[in-house]
Amino acid sequence: MSKAIKTIYMIIIMMFLYLPIVTLMVFSFNESKSMFAWTGLSLRWYKEMFHDTQMLSAIWNTFSIAISAAAIATIIGTMACVGIIAMSKRSQTVIMGFNNIPLLNADIVTGISLMLSFIAFGFYLNWGTVLLAHITFCIPYVILSVMPKLKQLGPGNYEAALDLGATPAYAFRKVVIPEIKPGIISGFLLAFTMSVDDFVVTHFTRGAGINTISTLIYSQVKVGIRPTLFALSTVIFLVVLVILVLVNFASGKDAEEEEFFYEVAQG
Amino acid sequence: MYRKLLSMPFIFWIFVGTVIPLAMIAYYGFTDRLGNFTINNIIAIFQPVHAQALGLSLGLALISTAVCFLLAFPLAMILKGSSWGRKGFIVFIFILPMWMNFLLRTMAWQVILEKGGIFNTMLQTMHLPSLNIINTPAAIVLGMVYDFLPFMVLPIYNALMKIDDNIIEAAYDLGATKGRVLKDILLPLSVPGIASGITMVFVPSLTTFVISNILGGGKIYLIGNIIEQEFTTSANWNLGSGLSLIMMVFIVISMAALARLDKSGEGNFI
């Protein structure tokens, strides 16, 4: 393949990936409510964003759930990795197999199975059930991020610390944790991203009372989406873009962020 | 011994959050509203509406998986040989779109593909006939390819990057043609990545109800749409569960195929 063809191919794929995003951003500045006609430049929807109480509560729900779910999943997942690594090869394989189920399973199956269980066990569908559901699908991402780091470290350093008189807790805190920290951080960020981005599982476990950004958008798809949501998404997109660029820039040659992008990619 | 106990919360969570819920689907799938055993929810798949939806879902999922593969493999090859920068940057440009809400991104295609939309205006200025694919299965395939393409590109790219360049060079030194290198080295060695990519595109395409809802104009029913409706508007959870069990057969088949082709989890996540 000649270089020109390769470049053209790349450009076409990039256009394919980014055209919808540019379209949304452009229409967030459209004066009219219509998605199909351009009537003039306006910041109307950006202003309206701050007065829309329904939307503010959706933003709050989305991020409060994502942070809590990611934090709890990170703790449970990291503890699990430490425990799993001490087990026999056989039990490790079995447990990791179970860990893969929520990861490879269809969202709709995860969603309805949790909904049925919540109702069967008498839970009232609300913020809490969404949080529990999100923790469930976040844990596997944490385990997949932390496990390789722990395997890489091996038991040697930890045992050496014990031989030198450290208590298990002290050795864990001073020897193991610093080594696996990159895995823990990328696991947390990955879990956070998955939670913010989720629609399907939330759709089934949220009950009638609460909305996240995704479910709010879905409820408006049929009746016509208010461009305030475009404005909000544009803001979130740009904030994330700036943070990622800054983090990547600041860490320079640090491979950690690259791994993070990569792991997010694989999710 | 004490350390193993640290994994107890996780094992508990797997049991309560994954095993029991899946058992609940099986329970609902095999019972009627009164809780009596029945296989009616399972054989309901043979009703024309359901069978058609499943057939269409399988067809569209296979097409979108094939299209993703055909687009992604050359792309991953180009990326492997390119000077586009570090691995992090390449991954970055494929991930970045995901930070825009997935429902909105899918919906943007409505605006683009619509009769007087951007795409057709572009065709018009080039004096080409307009293309009306919105609200057709073609639009749904386009949405699937768009949403899931990164899941195909990245595992394949990952697998290709792991191939030792010396092997490729040795093949050329020994007189292999480009086609031969592709067929005997690049393709076989990237099988774990390809298998992983195929699963990660096929399963969400087969089970989606969002893309078909948004780009199919609400008139095209995939199996995901039928199941979603049974759980929301029709509130027949037993039927919804029965159909989910049928759908899960295909998910399990593709997971098993992945496990065989990618034994060491190479093409997998990290």
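**Digging into the overall build of chain A**
When helices and strands are counted, chain A shows 12 helices and zero strands. For chain A, the succession of helices and strands along the chain, N to C, is α-α-α-α-α-α-α-α-α-α-α-α. Oriented by its inertia axes, the alpha-carbon framework of chain A measures out at about 75 × 60 × 35 Å. Counting only residues that meet the buried cut, chain A has 42% of its 267 residues in that class. Summarising the internal contacts of chain A: among those between residues at least 6 apart in sequence, 78% fall at separations of at least 24.

**Description of the overall build of chain B**
When you go through chain B residue by residue, the secondary structure sums to 13 helices and zero strands. Along the first, second and third principal axes, the C-alpha set of chain B runs to 70 × 70 × 30 Å. Expressed as a percentage of the 270 residues in chain B, the buried residues total 43%. Pairs at least 24 residues apart make up 74% of the contacts formed inside chain B by residues separated by at least 6 positions.

**Considerations on unusual backbone geometry**
Glycine aside, the phi torsion of most residues is negative, and most peptide linkages are trans. All names here are of chain B. Despite not being glycine, N135 shows a phi value in the positive range, around 65°. Turning to its location among the elements, N135 is positioned in the loop between α6 (118-125) and α7 (137-162). N135 sits in the partly exposed class, given 17 other C-beta atoms within 10 Å.

**Describing the nonpolar core**
Formed by 132 residues in total, the largest nonpolar core has its most connected members in A73, C138 and A191 of chain A together with V153 of chain B. Counting residues per element, this core draws most heavily on α7 of chain B, which supplies 16 residues. With residues up to four places along the chain from it excluded, the contact list for C138 of chain A reads A69, A70, A73, A191, M194 and S195 of chain A.

**Topic: helix α1 (residues 3-27) of chain A**
Residues and elements named next belong to chain A. With 25 residues, α1 should reach 36 Å at 1.5 Å per residue; the first-to-last C-alpha distance of 35 Å fits that figure. Of all the bends in α1, the largest measures some 40° and sits at Y18, one to four residues before the proline P20. Along α1, the positions that sit buried rather than exposed are P20, T23, L24 and F27.

**What to know about the interface of chain B and chain A**
Interface size is often expressed as the accessible area that is lost when the parts come together. With 68 residues of chain B in contact, the opposing surface of chain A contributes 67 residues. Broken down by element, the residue count for the side of chain B that touches chain A peaks at 12 residues, all from helix α1 (residues 8-29) of chain B. When grouped by side-chain class, the residues that make up the side of chain B that touches chain A number 50 nonpolar, 11 polar and seven charged.

**Concerning the confidence of the model for chain B**
Of all residues in chain B, 94% have pLDDT values of 70 or greater, and the mean over the chain is 88. For this predicted complex, the interface score ipTM comes out at 0.87, alongside a pTM of 0.88.

**Thoughts on the environment of E169 of chain B**
Note on placement: E169 of chain B falls in helix α8 (residues 165-173). Each C-alpha atom, one on E169 of chain B and one on V181 of chain B, is 9.5 Å from the other, the two residues being 12 residues apart in sequence.

**Considerations on the environment of N40 of chain B**
Residue and element names in this part refer to chain B. Checked against the element boundaries, N40 lands in helix α2 (residues 40-43). Residue N40 is classed as exposed on the basis of its C-beta count, with 12 C-beta atoms lying within 10 Å. Sequence separation between N40 and H50 is 10 residues, and the spatial gap between their C-alpha atoms is 13 Å.

**Side note on the environment of A120 of chain A**
Along the polypeptide, A120 of chain A turns up in helix α5 (residues 107-120). Looking at A120 of chain A, the number of C-beta atoms within 10 Å reads 13, which means it is partly exposed.

The rules behind these values
- Residues numbered from 1 in each chain as written.
- Chains lettered and ligands numbered in written order.
- Predicted model: local features only at pLDDT ≥ 70, side-chain atom pairs only at ≥ 80, totals over all residues.
- Helix = DSSP H or I, 4+ residues; strand = E, 2+ residues; numbered from the N terminus.
- Buried ≥ 20, exposed ≤ 12 C-beta atoms within 10 Å, placed from the backbone.
- Contact = placed C-beta atoms within 7 Å.
- Core = buried A, V, L, I, M, F, W, Y, C linked by C-beta atoms within 7 Å.
- Expected span 1.5 Å × (residues − 1).
- Bend = angle between axes of the 7 residues up to and from the residue.
- Nonpolar A, V, L, I, M, F, W, Y, C, P; charged D, E, K, R; others polar.
- pLDDT = per-residue confidence, 0-100.

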